[in-house]
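Next come the chains, spelled out residue by residue.
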Amino acid sequence: MNQPRDTAHPYNLPQHVAIIMDGNGRWAKKQGFDRSFGHQNAIKSVRAAIETCGDMGIPYLSLFAFSSENWKRPKLEVSFLMKLLAKTIEAEIQELHDKGIRLLVIGETDALPEYATKPLQHAIDLTKDNTKATLVIALNYGSQNEILHASREIAKKVKSGELNPEEIDQQIFEENLYTQNIPNVDLLIRTSGEYRISNFLLWQIAYAELYFTDVLWPDFRKEHFMEALEDYSKRERRYGKTGEQIKTE
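Residues numbered from 1 in each chain as written. Predicted model: local features only at pLDDT ≥ 70, side-chain atom pairs only at ≥ 80, totals over all residues. Heavy atoms only, no water.

**Describing the packing of aromatic side chains**
- Within the structure shown, the criterion is met by eleven aromatic pairs.
- Measuring from ring centre to ring centre gives 6.1 Å for F220 and F225, while their planes differ by 50°; the resulting arrangement is tilted. Each member of the pair, F220 as well as F225, carries the same accessibility label: buried.
- The rings of F64, Y141, Y178 and F200 are connected pair by pair, giving a single aromatic cluster. (Phe/Tyr/Trp six-rings, centres within 6.5 Å; stacked < 30°, edge-to-face > 60°. Buried < 20%, exposed > 50% of the residue type's maximum accessible area, 1.4 Å probe, protein only.)

This is the structure:
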């Protein structure tokens, strides 16, 4: 369980922020364009989120880019998203690398088209030794599938005699998640006015603070991120304890 760190900033900052980036289609519709226009303009919001984390010294940012359920969308939209992903990674990765940001991808990436996985793997390899911050992109990701995958991996180890059932604890389970070696989420942000988790990092957000905003993702900028951080800083994270216990620690 990861406690939020103290910093020199006026806010008590989270160590790991996760964002469900929602509202691209509705934003585009309001502008009189199709959904692809919203996806294109969402890149500016991704940059703003990364820059805000850099400015505030937040070391982990996770973005829900494409869920395992998103394959149900129209084929043309899915194809556009995959091509936009590849194009964006190729265009942005050098700047991320120069800033010392490590890129990680979680999800069942084997199902992605090769034109998308190739630049992704290059970006992962290029940035693997960076230590200033970590950007986690969830692609073809579903948390229930991740938990099932971890359970199967643990079952295999038990069957082979590598692990005793009595040894299985929270740490063992987390070591078999896609997010192994990444701290659990402190703050989860969802844009567009929806109040759902949408199968995103269900295990990792067990003690996260949740923040929902009506701002559609393509409009999300630093000032909106800062509002979420300010709100987070005012909350008392108890982890099962009483408020009095927290204050005396």
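**Re the sheet that holds strand β4 (residues 133-141)**
- Strand order in this open sheet of six strands is β3-β4-β2-β1-β5-β6, and the pairing throughout is parallel. At either margin of the open sheet sits one strand with a lone partner, and together these are β3 (101-106) and β6 (209-212). The mean angle between the axes of side-by-side strands here comes to 20°, regardless of whether they run parallel or antiparallel.
- Pairing geometry for strand β1 (residues 16-20) and strand β2 (residues 60-67), over five bridges, is parallel. Along β2, the bridge assignment pairs I19 with L63.
- Along the sheet face, helix α3 (residues 75-98) touches β2, β3 and β4 and points at about 155° away from the line of β3.
- Contacting β1, β5 (187-190) and β6, helix α7 (residues 222-233) crosses the sheet at an angle of about 140° to β5. (Pairing = 2+ DSSP bridges. Helix = DSSP H or I, 4+ residues; strand = E, 2+ residues; numbered from the N terminus. Axes fitted to C-alpha atoms, helices over the stretch in contact; angles between N-to-C directions. Contact = heavy atoms within 4.5 Å.)

**Re the side chain of H224**
- Looking at the element boundaries, H224 is found in helix α7.
- With near-sequence residues (within four places) excluded, H224 lies in contact with V215 and D219.

**Examining the nonpolar core**
- Residues I19, L61, L135, I189 and F225 are the most contacted members of the largest nonpolar core, which totals 43 residues.
- Broken down by element, this core gets its largest block of residues, seven residues, from α3.
- Excluding residues within four positions of it along the chain, L61 makes contact with H16, V17, I19, A49, I50, C53, T134, L135 and V136.
- Formed by 15 residues, the second largest nonpolar core is a distinct cluster that contains I20, Y141, V185 and L201. (Core = buried A, V, L, I, M, F, W, Y, C linked by side-chain atoms within 4.5 Å.)

So far we have only geometry, and geometry alone does not tell us how the molecule works.
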